[in-house]
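# Coordinate analysis (summary)
Listed here are the chains, written in short residue letters.
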Amino acid sequence: MNKAGALIISHGSPQPEWVQAVEEAAGEVRMKEHMPVAVSFLGNVEHASIQHGIDALESEGVTDILAVMLFVSEGSTHIDEIQYALGFKDAPDKETDLEPFAISARMHVGRPMGDDSDVARMVWDKIEPASVDPEREVILLVGHGSIHDGFRQRWEAGAEALVKRVGETSGLVCDYALLNPDNVRSKAQEWIEKGRRVLIAPLFLSTGYFLQTVIPRKLEGLTYGYTGEALLPHPLLPVWIERQVEDLLSQARAEQESKKG
């Protein structure tokens, strides 16, 4: 391997604070001292597209790009289209307008945050201030979900796995609900009827419309604990990014060695 560089890929938003949260997390990644790192977004951020990031790394002589997928779930349709556009898969599972990127370097693509133990700790750290009586509370993870068959199942599988992790981390009973399909209110009501105080833990990287408007609107009239905090900012996110890069670097080296053999 000649030279590796990290490409951090996130969704992007017209809200500057959303972009800032991602850029600040990337800025704390220690490997920037000895490896080029580019932060890129799927959309809504001028001069910071995924193609911009690829071009920036290649201009620094990077021959192996380690793509860190800064998304919450494998069920995101954006994961599918980005993997396709990066050449990681021959065809997307769902039709997309995203064209294949121009890439000269070898591309190594990671997985989204999923049920990582650091993600579970982030979830608990964000909702713990709302907890007042742990023995009779339940944490309800709330994710975006998907209306598309196949993607919805990936969201559900990932959320179920993360529920176990958060339960182990917090010591509380845990469950999940998704905005798509819309079962957030019904899940919260079920737990309230069982005598549990519900703590709403949103699975979103940054605050905004969903956390400030959509989720509270779904739960209007119900009593629940909610800090309204997204996963970012959090000191463990740069740690997660570093581990992703290290894993991808190891995979890239192993691939190169196997080709030599």
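Here's a quick rundown of the structure. (Residues numbered from 1 in each chain as written. Predicted model: local features only at pLDDT ≥ 70, side-chain atom pairs only at ≥ 80, totals over all residues. Heavy atoms only, no water.)

### A word on the pairing of strand β7 (residues 197–202)
Among the six residues of β7, five are classified as buried, and the element is accordingly described as predominantly covered. Where strand β5 (residues 137–145) lies against β7, six bridges are found, and the strand directions are parallel. Across the sheet, residue Val138 finds its bridge partner in β7, namely Val198. (Buried < 20%, exposed > 50% of the residue type's maximum accessible area, 1.4 Å probe, protein only. Helix = DSSP H or I, 4+ residues; strand = E, 2+ residues; numbered from the N terminus. Pairing = 2+ DSSP bridges.)

### Some thoughts on the sheet that holds β7
Spatially, the three strands line up as an open sheet ordered β6-β5-β7, and their pairing is parallel. The open sheet has two edge strands, β6 (173–180) and β7, and neither has a second partner. The sheet shows a mean angle of 30° between the axes of neighbouring strands, taken without regard to direction. This element, helix α6 (residues 184–193), spans β5, β6 and β7 of the sheet and lies at about 155° to β6. Contacts between helix α7 (residues 209–218) and the sheet are confined to β5, β6 and β7, with β6 contributing the most and set at about 100° to the helix. (Axes fitted to C-alpha atoms, helices over the stretch in contact; angles between N-to-C directions. Contact = heavy atoms within 4.5 Å.)

### Concerning empty space enclosed by the protein
Scanning the entire structure with this criterion turns up one cavity of 30 Å³ or more. Here the largest cavity is characterised by a volume of approximately 40 Å³. Lining of the largest cavity is provided by Val123, Lys126, Ile127, Ala201, Pro202, Thr227, Glu229 and Leu231. If you list the elements that add at least two residues to the lining of the largest cavity, you get α4 (117–127) and β7. Looking at side-chain class alone, the lining of the largest cavity contains five nonpolar, one polar and two charged residues. (1 Å grid on protein atoms, 1.4 Å probe; cavity = no way out; pocket = protein on both sides within 12 Å on 5 of 7 lines; lining within 4 Å. Points joined across faces, edges and corners; volume = space filled by probe spheres on them. Nonpolar A, V, L, I, M, F, W, Y, C, P; charged D, E, K, R; others polar.)

### Side note on the nonpolar core
The tendency in soluble globular proteins is for nonpolar side chains to be buried side by side. Core analysis: the largest hydrophobic core is formed by 52 residues, its most contacted members being Met113, Ile139, Leu141 and Leu237. Top element by residues in this core is helix α8 (residues 236–260). It accounts for eight residues. Discounting residues that sit within four places of it in the chain, Met113 has contacts with Met69, Leu70, Phe71, Val72, Val119, Met122, Leu205, Leu231, Leu237 and Trp240. Listed in part, the 20 residues of the second largest apolar core include Ala67, Phe71, Ile82 and Leu98. (Core = buried A, V, L, I, M, F, W, Y, C linked by side-chain atoms within 4.5 Å.)

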